[in-house]
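Observations on the model geometry
Residue-level listing of the chains:
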Amino acid sequence: MRGAGPAAPGGLALLLLLLAAGRLAAAGQPRPSVVLVACDSFDGRLTFYPGNQTVALPFINFMKRYGTVFLNAYTNSPICCPSRAAMWSGLFTHLTESWNNFKGLDLDYVTWMDLMQKHGYHTQKYGKLDYTSGHHSVSNRVEAWTRDVDFLLRQEGRPTVKLTGNKTHMRVMEADWQNTDKAVNWIREEAINFTQPFVLYLGLNLPHPYPSPSTGENFGSSTFLTSPYWLEKVTYEAIKIPKWSSLSEMHPVDYYSSYTKNCTGEFTKQEVRNIRAFYYAMCAEADAMLGEIISALRDTGLLKRTIIIFTADHGELAMEHRQFYKMSMYEGSSHVPLLVMGPGIKQQQQISNLVSLVDIYPTMLDIARIPAPQNLSGYSLMPLLLEMAEDEVSSRRPRPLWVLSEFHGCNVNSSTYMLRTDKWKYITYSDGHSVLPQLFGM
């Protein structure tokens, strides 16, 4: 420390420990509790302008007002299980070897929550986990090794919409609401009594499209389902109809993916608009569940000492590039929401730095002041979220100016890799054939 005399050996050891474990300024302060709400298939662009003009998301807006939003947050693999494996491990997909939805992390893998529990945090998980096993069909395993073929294999039902209930029907995704209720009750009945900090995880399935039983059990989820209550939260006039290239002009990997997702047929503009509107309505319902968590923390007085993180495993194309679902490196699929609020977090801040889900692991440990393993692929977000002294920032690993995402799962005929930098997005493919890479200016 500049201007200070020599530190005593014990004091120096304590100083080094604090620098390694977290913010020096937090020394002597109680460690905050943490709540992580993770959605499925939430397009991160909806959390900032102009996407946020499409649908009312009051609790995401609340987090923006009293916290920080990351403008360039990405998944490390645009599919459920590999993405969550990266988030829970802090490692890239080629290191976890969670190639597709059939396989996740080993059952005995030490996650950030395991370490936080070991260091005195009360821990609780509700809802969708999907990081040790995706509970998906064996076909996911087979498909990962049979993509390099010269014929097309249709795998999904044609995307469609379905309206249910009336203008008072709020609880459409009942399973998600039940898990949200469990998390809320845990906060009100248990967490309020803790003398030590806690970490709570809530995994939501929304706004993932629903299964379509009429197309058969192996045809995935292609129904965008909501009620009039949530559809009223959508501004139809703000919905943009994406421009499609002709089938003959599409990149061969895109064409294959559109075919397997049953999107090569004719769609009217109204059909596309409805699919997008219903998807946005499903996002509004997910936002309301986030609101239940925020309200429970506020009512119990825990909000002022709890850091809340909201994110998703990947996005949703919602008929961009003639596709729905994820499994693509285009923005709708790979760009995820990431918002953070809580004690010490800067308010009304927008961060343009490139970040990804592997950063969650070191961030959690930083919050808990636990030294992070040296082999992590991610970097703590706390230096970006907090006012930090120059010497403290310089003591950390420098954050790279890029993020990496990769995909090896179903619905495409090629492994796909994305490298996103400040000004460029480079997508390259590896499938045993001559497939040209793509470069986009950002």
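Residues numbered from 1 in each chain as written. Predicted model: local features only at pLDDT ≥ 70, side-chain atom pairs only at ≥ 80, totals over all residues. Heavy atoms only, no water.

The next thing to look at is the confidence of the model for the protein chain. This prediction gives the protein chain a mean pLDDT of 87; 84% of its residues lie at or above 70. The low-confidence segment residues 1-26, where pLDDT is below 50, has 23 contacts with residues more than four positions distant or belonging to other chains. (pLDDT = per-residue confidence, 0-100. Contact = heavy atoms within 4.5 Å.)

Tracing the chain through its elements places Thr416 in strand β12 (residues 415-420). Of note is the side chain of Thr416, whose polar atom sits 3.3 Å from the backbone oxygen of Ser414. Setting aside chain neighbours within four positions, we find Thr416 in contact with Met329, Ser405, Glu406, Phe407, Ile427, Thr428 and Tyr429. (Helix = DSSP H or I, 4+ residues; strand = E, 2+ residues; numbered from the N terminus. Polar contact = N/O pair within 3.5 Å; in protein donor to acceptor, adjacent residues only side chain to side chain.)

A word on the side chain of Ser377. Positionally, Ser377 belongs in the loop between α12 (360-367) and α13 (382-385). You can call Ser377 buried: its relative accessible area is 12%. In terms of polar contacts, Ser377 uses its side chain to reach the backbone amide nitrogen of Phe92, at 3.0 Å. Leave out the neighbours within four places in its chain, and Ser377 touches Gly90, Leu91, Phe92, Leu95 and Val358. (Buried < 20%, exposed > 50% of the residue type's maximum accessible area, 1.4 Å probe, protein only.)

Taking strand neighbours across the sheet as the criterion, the seven strands line up as β3-β5-β1-β8-β9-β2-β10 in an open arrangement whose pairing is mixed. Here the strands that pair on one side only, and so sit at the sheet edges, are β3 (122-127) and β10 (349-356). Going across the sheet, the axis of each strand differs from the next one's by a mean of 15 degrees, ignoring polarity. Of the strand pairs in this sheet, strand β2 (residues 67-74) and β10 are connected by six bridges, and their pairing is parallel. Its bridge partner being in β10, Asn72 is matched across the sheet by Leu354. Contacts from helix α2 (residues 58-66) reach β2, β8 (306-312) and β9 (338-341) within the one sheet, and its direction differs from that of β9 by about 55 degrees. In the packing of helix α7 (residues 174-189) onto the sheet, contacts are made with β3 and β5 (198-203), and the angle to β5 comes to roughly 170 degrees. (Pairing = 2+ DSSP bridges. Axes fitted to C-alpha atoms, helices over the stretch in contact; angles between N-to-C directions.)

The subject of this paragraph is the sheet that holds strand β11 (residues 403-407). Pairing is antiparallel across the open sheet formed by four strands, whose spatial order is β11-β12-β13-β14. The sheet is open, and its two borders are formed by β11 and β14 (438-441), each paired with just one other strand. Taken pair by pair, the neighbouring strands of this sheet meet at an average axis angle of 15 degrees, ignoring direction. Note that β11 and β12 share five bridges and pair antiparallel. Bridge pairing in β12 links Ser405 to Met418.

Here we take up the environment of Tyr49. Here Tyr49 shows up in the loop between β1 (33-39) and α2. For the pair Tyr49 and Leu71, spaced 22 residues apart in the sequence, the C-alpha separation amounts to 9.7 Å.

Take empty space enclosed by the protein next. Scanning the model with the defined rule gives one cavity of 30 Å³ or more in all. For the largest cavity, the calculated volume is near 110 Å³. Surrounding the largest cavity, 15 residues form its lining, Asp254, Met327, Ser328, Met329 and Thr416 being those nearest its centre. Listed by contribution, the elements that provide at least two residues to the lining of the largest cavity are α9 (252-260) and β13 (424-430). Take the lining of the largest cavity: its biggest share by element is three residues, from α9. (1 Å grid on protein atoms, 1.4 Å probe; cavity = no way out; pocket = protein on both sides within 12 Å on 5 of 7 lines; lining within 4 Å. Points joined across faces, edges and corners; volume = space filled by probe spheres on them.)

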